[in-house]
Amino acid sequence: IGDVDVVKCLLEDARIDVNVKDGENGQTALHMASTFGDLEVIDALLSNDTCDARILDSDGYSPVGLALSEGHEKAVEKLNSTGCRLSGCNREEESS
């Protein structure tokens with residue numbers, strides 16, 4: 001989804017809210033990186049203490065739910081290691 005070095009540089013700025021949602025789908029940067037299975041960006045985002053992997057987008061999906069629905073197994077494993085469970089990946093408590 002993007003250049004991991006740019007992401008890391010942006011995360012160094014304390015004014016950046018890593019959990020800000022876009023206006024279209026209500027997705028955070030972590031949702032977008034998870035959708036594309038971008039492990040480097042996922043790692044960079046998760047290294048930020050304020051990154052919340054449990055936020056749901058406008059359709060009710062968490063980042064792990066999106067990674068699962070797109071078949072990105074390594075991203076699912078990485079997100080699970082942060083405490084974002086496969087159960088409860090979306091509003092309906094389904095695993096997408």
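Read on for a plain summary of the structure.

Thresholds, definitions, all that
- Residues numbered from 1 in each chain as written.
- Predicted model: local features only at pLDDT ≥ 70, side-chain atom pairs only at ≥ 80, totals over all residues.
- Heavy atoms only, no water.
- Helix = DSSP H or I, 4+ residues; strand = E, 2+ residues; numbered from the N terminus.
- Buried < 20%, exposed > 50% of the residue type's maximum accessible area, 1.4 Å probe, protein only.
- Contact = heavy atoms within 4.5 Å.
- Areas by Shrake-Rupley, 256 points an atom, 1.4 Å probe, with all protein chains shown as cover.
- Polar contact = N/O pair within 3.5 Å; in protein donor to acceptor, adjacent residues only side chain to side chain.
- Core = buried A, V, L, I, M, F, W, Y, C linked by side-chain atoms within 4.5 Å.
- Salt bridge = Lys/Arg side-chain N within 4 Å of Asp/Glu carboxyl O.

1. With respect to the overall build of the protein
Link 1 in the chain: The number of helices and strands found in the protein is five helices and zero strands.
Link 2 in the chain: Starting at the N terminus, the α and β elements of the protein follow one another as α-α-α-α-α.
Link 3 in the chain: Looking at the protein as a whole, 39% of its 96 residues qualify as buried.
Link 4 in the chain: Residue pairs at least 24 apart in sequence account for 62% of intrachain contacts in the protein once pairs closer than 6 positions are excluded.
Link 5 in the chain: Looking at the protein as shown, the accessible area adds up to about 5,700 Å², and 47% of this sits on carbon and sulfur atoms.

2. Looking at the environment of Glu77
Link 1 in the chain: Tracing the backbone shows Glu77 in helix 5 (residues 73-80).
Link 2 in the chain: For Glu77 and Val64, which are 13 residues apart along the polypeptide, the C-alpha to C-alpha distance reads 8.7 Å.

3. Quick notes on the environment of Asp17
Link 1 in the chain: Residue placement: Asp17 occurs in the loop between helix 1 (4-11) and helix 2 (29-36).
Link 2 in the chain: Sequence separation of Asp17 and Thr28 is 11 residues, and the distance between their C-alpha atoms is 9.7 Å.
Link 3 in the chain: Within the local environment of Asp17, its side chain forms a polar contact with the backbone nitrogen of Asn19, the two atoms lying 2.9 Å apart.

4. Notes on the nonpolar core
Link 1 in the chain: By size, the foremost hydrophobic cluster in this structure holds 17 residues, and its most contacted members are Val7, Leu11, Leu30, Val41, Ile42, Leu45 and Leu79.
Link 2 in the chain: Counting residues per element, the ones that place at least two in this core are helix 1, helix 2, helix 3 (39-46), helix 4 (63-69) and helix 5.
Link 3 in the chain: Broken down by element, this core gets its largest block of residues, four residues, from helix 3.

5. Some words on the pattern of salt bridges
Link 1 in the chain: For the structure on display, the rule yields three salt bridges.
Link 2 in the chain: Note that Arg15 is salt-bridged to Asp13, the shortest N-O span being 2.8 Å.
Link 3 in the chain: Lys78 is the salt-bridge partner of Asp43, the closest N and O atoms lying 3.0 Å from each other. Here the residue Asp43 occupies a position in helix 3, and Lys78 occupies one in helix 5, the gap between them amounting to 35 residues.

6. Quick look at the side chain of Thr28
Link 1 in the chain: Note that Thr28 resides in the loop between helix 1 and helix 2.
Link 2 in the chain: A polar contact is formed between the side chain of Thr28 and the side chain of His31, at a distance of 2.9 Å.
Link 3 in the chain: Excluding anything up to four places from it in sequence, Thr28 contacts Val18, Asn19, Val20, Lys21 and Ile55.

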